[in-house]
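Analysis of the macromolecular model
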Amino acid sequence: MENKSLDKEIKQFVAFKVGDQEYGADIHKVSIIEKTLTTARVPTTPDYIKGVVNLRGEIVTVMSLRLKFGLPEIEEDDDTRTVIFKFNEALLGIIVDAVDEVISLKESDIESVTQITNDRSLDYILGIAKVEGRLITLLNIEKLITELLEK
Amino acid sequence: MDMNQYLDIFIEEAREHLQQLNVSLLELEKDNRNKEVLNEVFRVAHTLKGMSGTMGFSKMQTLTHRMEDVLDALRNDRFIADSNMVDVLFKCLDALEIYVNTIAATAQEGDEAFLDVVGELQKIMQNTGSGEKAENKASMPDKAKDIKKEEPAVKSEIVELNQYDINVIKRAIETDMNVFQIHVVLDKGCLLKAARAFIVFQILEKNSEVIKSIPKVEDIEDERFGYDFTVVVITEKTEEFFKQEINSVAEISAVEIVPVILDDLDSTEAEEEDFSNNDIDKIEAVASAALAQNNTADQHKKFQKTGKTVRVDIERLDILMNLVSELIIIKTRLEESSVSKDDANVESIEYLERITTSLHDAVMRVRMVPVETVFNRFPRMIRDISRELKKDIELHMSGEETELDRTVIDEIGDPLIHILRNSADHGLETHEERLKVNKSAAGNIYLRAFQDGNNVVIEVEDDGRGIDVEKVRKKIIQKGMESQEFVSTLSDKEVIEYLFKPNFSTADKVTDLSGRGVGLDVVKTKIEALGGIVEVDSTRGKGSKFIIRIPLTLAIIQALLVKIGSEKYAIPLGSIQEIENVKPQDIRLVRNQEVILLRDMVIPIVRLGNILGVPDAVPDEEKKSITCVIAKKGEKLSAFMVDSLIGQQEIVIKSLGKILAGVKYIAGATILGDGNVALILDVNSLAI
């Protein structure tokens, strides 16, 4: 019984860095985290769509969160990761600067956002969590993918 | 009992039977005295009745039962099928189709009882009721005949005693043994049919020698029989004894025992003697009997053939196909990595290549379905259309055996329906108009399928009025799609292309059939989604021809890999005509379009580097000679300029995934031997 009520309250997020911001995404949406994969550019797509990669025989679209959020592109390095999300049977890889850890958050740790930030990522934010003095922006991956599917 | 596991099989089989019914009814309409067809229709209705009864679809069962009544009366010559009656039967067919579709969607047969159709069937029976009774009485005294009528399947086979059996029976009768034909009917609610039958057989075998069993003993053991079976036994015991013994077994609803008399057997021989008398009637009778026997033999063969097939879910085939794809990718990788000329390695890789190719072929072949499965619904459709439009239309079909991938088959139906309707409605003239221009009153539509290299071609041709190009020109201007000056420069063929643009309809009046705004553009989109193309050939006053070309397979193709800048792209080999090297100074400008001249042909140029926005493409001005891949889209050629060629390779087509589906110029992706992704160019959308 105790466990169950704990499960309800505590959510796990994968925390990663893009630029100087720290982001979190619901761990249940994450399919796998990969080191950088060779992408094939797809013509006539927006620049934040980096292209497609071969993920063990499956073709997966990859986008750069930096470009999507209007940040300058940087060279890929040893820390660069592609986080593969799965939602509605669509696979989307998101290139991030680094993946830090998995964090457990209580509902009470999460604050909803209205006017805290004013950057382009605002549309995709579920809320903001404060963990040990760090501010982690929780991303709404569903919305991100749904929006791409509708295009 | 849980019937769900049988539902899919039921639906699949019911659909097959309905299709068969459709074909037979059309034949019946042409020749309403054709006994063979009548028997076939009856057989199908009977099977459907049994199937729906077993699955507990009582409304469907009632309908098929009524149908069966009418059909039975028809085949027993109590009356003759007129067109009205065939119409009613077609209505039954439609009703049954609705049932099956409802069942497929909801696993229930629904509430619709089709009382009007049932009523019409009953009316037919009543109208002929009096005559029927009299006939019935006439046939009553012959009890054996009556049994046969109820059990048509048993009837044909019980006669089939072979010479060996007859000899055995003869000898038995000569030695004063009894020979009985025992017909056992099990309870309809009987759950363990095989077990009951087994007990009956035990009794029989203890007291007699079973010389013939219909169905075969093995089939009965495996429960491959209805609710009845017939055996012929030789015994010392009496008829009464068996009746009692068999009736003591549970769940037996009826036992009929008829002694087999030598005279019966002799009579067949007598008939054969009569045959030599050259009595014409007899010859005909024997001939038709032989024909009927041939038929049952054919059916038997058919049955055996289906007995050896396996129904496989298409998804499982997809999985298999995916695995083969993986194998081919790995094979390519091995080929690339074995640069060393190590003999053993090269040999085994070559062997692997042969195997993967055969495996691919085999899996492909499993997925292939004859276009017949799509075509066979068209005769009925054309019949309905011809009635609706009051035009006489003859549909000529050929090449139904041409095979296509199952996924294509599923998709090709709608576009074809559209084109056929178009031909019937807009293409063919009315009765009077045809006579005025010295054409036969009946319009002809030809539907042909044939294989052409790696493509399957499907043509729909009519001998109607053809496309009025001038009218189309006017329409283009009227709709404001192009300026008058521009339209006047277009060739007839180019004008006809506009028929495939969205919202383009030249129909003066909107009929129920076509001209509802969803036009040929939908057809085009659908065909192109299948990797195919559609073209029109039309001669004013003579008719039009729609030509659809679809690739044989969608999964694995031969492709040419090319390089543009640092990016690799694949171009399907099937759409490549040739490769040419062109000097930059040979490029000319015609109507603001860059072209090259190749053997007196003017071919427009597509600079792939520009169109695809390749960042590091080599500027064409810097090249001394430009490599051009001449690609064909139907009859038209385009020259694709690339930086260099890599080579020919077997590639596995993969979709770009949900997010990028429908991206312009790209038909899909493939995984190269090194594990990297190369995009497959969509020649149709790139060609000018």
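Just so it is clear, the model here is predicted, and its values are computed rather than measured.

Along the backbone of chain B there are 26 helices and 22 strands. Nonlocal contacts in chain B, meaning residues at least 24 apart in sequence, comprise 67% of its contacts between residues at least 6 apart.

Further remarks concern the overall build of chain A. Looking only at helices and strands, one finds three helices and eleven strands in chain A. In chain A, which comprises 151 residues, the share counted as buried stands at 34%. Residue pairs in contact within chain A that sit at least 24 positions apart in sequence constitute 53% of those at least 6 positions apart.

The next point concerns the interface of chain B and chain A. Between chain B and chain A, the residue contacts involve 22 residues of the former and 20 residues of the latter. Secondary-structure elements contributing two or more residues to the side of chain B that touches chain A are β21 (666-671) and β22 (677-681) of chain B.

As a further point, take the sheet that holds β22 of chain B. Residues and elements named next belong to chain B. In space, the five strands of this open sheet follow the order β20-β12-β13-β22-β21, with mixed pairing throughout. The open sheet has two edge strands with one neighbour each: β20 (644-652) and β21. The average undirected angle you get between the axes of adjacent strands in this sheet is 35 degrees. Summarising the sheet, strand β12 (residues 556-564) and strand β13 (residues 567-572) pair through six bridges and their orientation is antiparallel. By the bridge assignment, Lys563 is partnered in β13 with Lys568. On the sheet, helix α15 (residues 314-337) packs against β12, β20 and β21 and is oriented at approximately 145 degrees with respect to β20.

Now for the sheet that holds strand β17 (residues 601-607) of chain B. Residues and elements named next belong to chain B. What the six strands build is an open sheet, ordered β14-β18-β19-β17-β16-β15; its pairing is mixed. Lying at the two open borders of the sheet, with one neighbouring strand each, are β14 (576-582) and β15 (588-590). Strand-to-strand twist in this sheet, taken as the mean axis angle between neighbours without regard to direction, amounts to 40 degrees. Of the strand pairs in this sheet, β15 and strand β16 (residues 593-598) are connected by three bridges, and their pairing is antiparallel. Within β16, the position partnered with Val590 by the bridge is Gln593.

Residues and elements named next belong to chain B. Helix α5 (residues 115-127) packs onto helix α3 (residues 58-75) with a crossing angle of 25 degrees between their chain directions and a minimal axis gap of 10 Å. Relative to α5, the element α3 is oriented roughly parallel. The interaxial crossing formed by α3 with α5 has left-handed handedness. Residue-level inspection shows Thr62, Leu63, Arg66, Met67, Asp69, Val70 and Ala73 of α3 in contact with α5, the latter providing Val117, Val118, Leu121, Gln122, Ile124 and Met125. A per-class count over the contact of α3 with α5 returns nine nonpolar, two polar and two charged.

Moving on: the packing of helix α18 (residues 378-389) of chain B against helix α19 (residues 406-427) of chain B. Residues and elements named next belong to chain B. Where α18 meets α19, the closest approach of the two axes is 11 Å, and the angle between their N-to-C directions is 30 degrees. Where α18 crosses over α19, the two elements pack in a sense that is right-handed. In this structure, α18 contributes Phe378, Met381, Ile382, Ile385 and Leu389 to the contact, and α19 contributes Ile417, Leu420, Arg421, Ala424 and Asp425. Of the residues that constitute the contact of α18 with α19, the class distribution is eight nonpolar, no polar and two charged.

Now for the nonpolar core. Core analysis: the largest hydrophobic core is formed by 84 residues, its most contacted members being Val52 of chain A together with Ile571, Phe640 and Leu681 of chain B. Residue contributions to this core peak at six residues, all from β12 of chain B. Of the domains in this structure, domain 3 (314-370) and domain 5 (556-686) of chain B are the two that each give at least three residues to this core.

Further remarks concern the environment of Arg66 of chain B. Residue and element names in this part refer to chain B. Its place among the elements puts Arg66 in helix α3. A residue is classified by how many C-beta atoms lie within 10 Å of it, and Arg66, with 22 of them, is buried. Setting aside chain neighbours within four positions, we find Arg66 in contact with Val118, Leu121 and Gln122.

A word on α5 of chain B. Residues and elements named next belong to chain B. Compared with an ideal rise of 1.5 Å per residue, which puts 13 residues at 18 Å, α5 spans 18 Å between its outermost C-alpha atoms and is within 8% of the ideal. Where α5 is concerned, the buried positions are Val117, Glu120, Leu121 and Ile124. Buried residues in α5, looked at end-on, bunch into an arc of 100 degrees, giving them a common side. Turned more than 90 degrees off the buried face of α5, the exposed positions are Leu115, Asp116, Gly119, Lys123 and Gln126.

Not every positive phi belongs to a glycine, and Glu132 of chain A is a case in point at roughly 45 degrees. On the secondary structure map, Glu132 of chain A appears in the loop between β10 (125-131) and β11 (134-139). Here the phi dihedral of Arg599 of chain B falls at roughly 45 degrees; this positive angle occurs in a residue that is not glycine. With respect to the helices and strands, the residue Arg599 of chain B is situated in the loop between β16 and β17. Overall, the presence of 6 C-beta atoms within 10 Å leaves Arg599 of chain B in the exposed class.

Rules of the game
- Residues numbered from 1 in each chain as written.
- Chains lettered and ligands numbered in written order.
- Predicted model: local features only at pLDDT ≥ 70, side-chain atom pairs only at ≥ 80, totals over all residues.
- Helix = DSSP H or I, 4+ residues; strand = E, 2+ residues; numbered from the N terminus.
- Contact = placed C-beta atoms within 7 Å.
- Buried ≥ 20, exposed ≤ 12 C-beta atoms within 10 Å, placed from the backbone.
- Pairing = 2+ DSSP bridges.
- Axes fitted to C-alpha atoms, helices over the stretch in contact; angles between N-to-C directions.
- Parallel < 35°, antiparallel > 145°, perpendicular 65-115°, else oblique.
- Left-handed = near helix turned anticlockwise from the far one by under 90°.
- Nonpolar A, V, L, I, M, F, W, Y, C, P; charged D, E, K, R; others polar.
- Core = buried A, V, L, I, M, F, W, Y, C linked by C-beta atoms within 7 Å.
- Domains from an automatic or database assignment.
- Expected span 1.5 Å × (residues − 1).
- Arc of directions from axis to C-beta.

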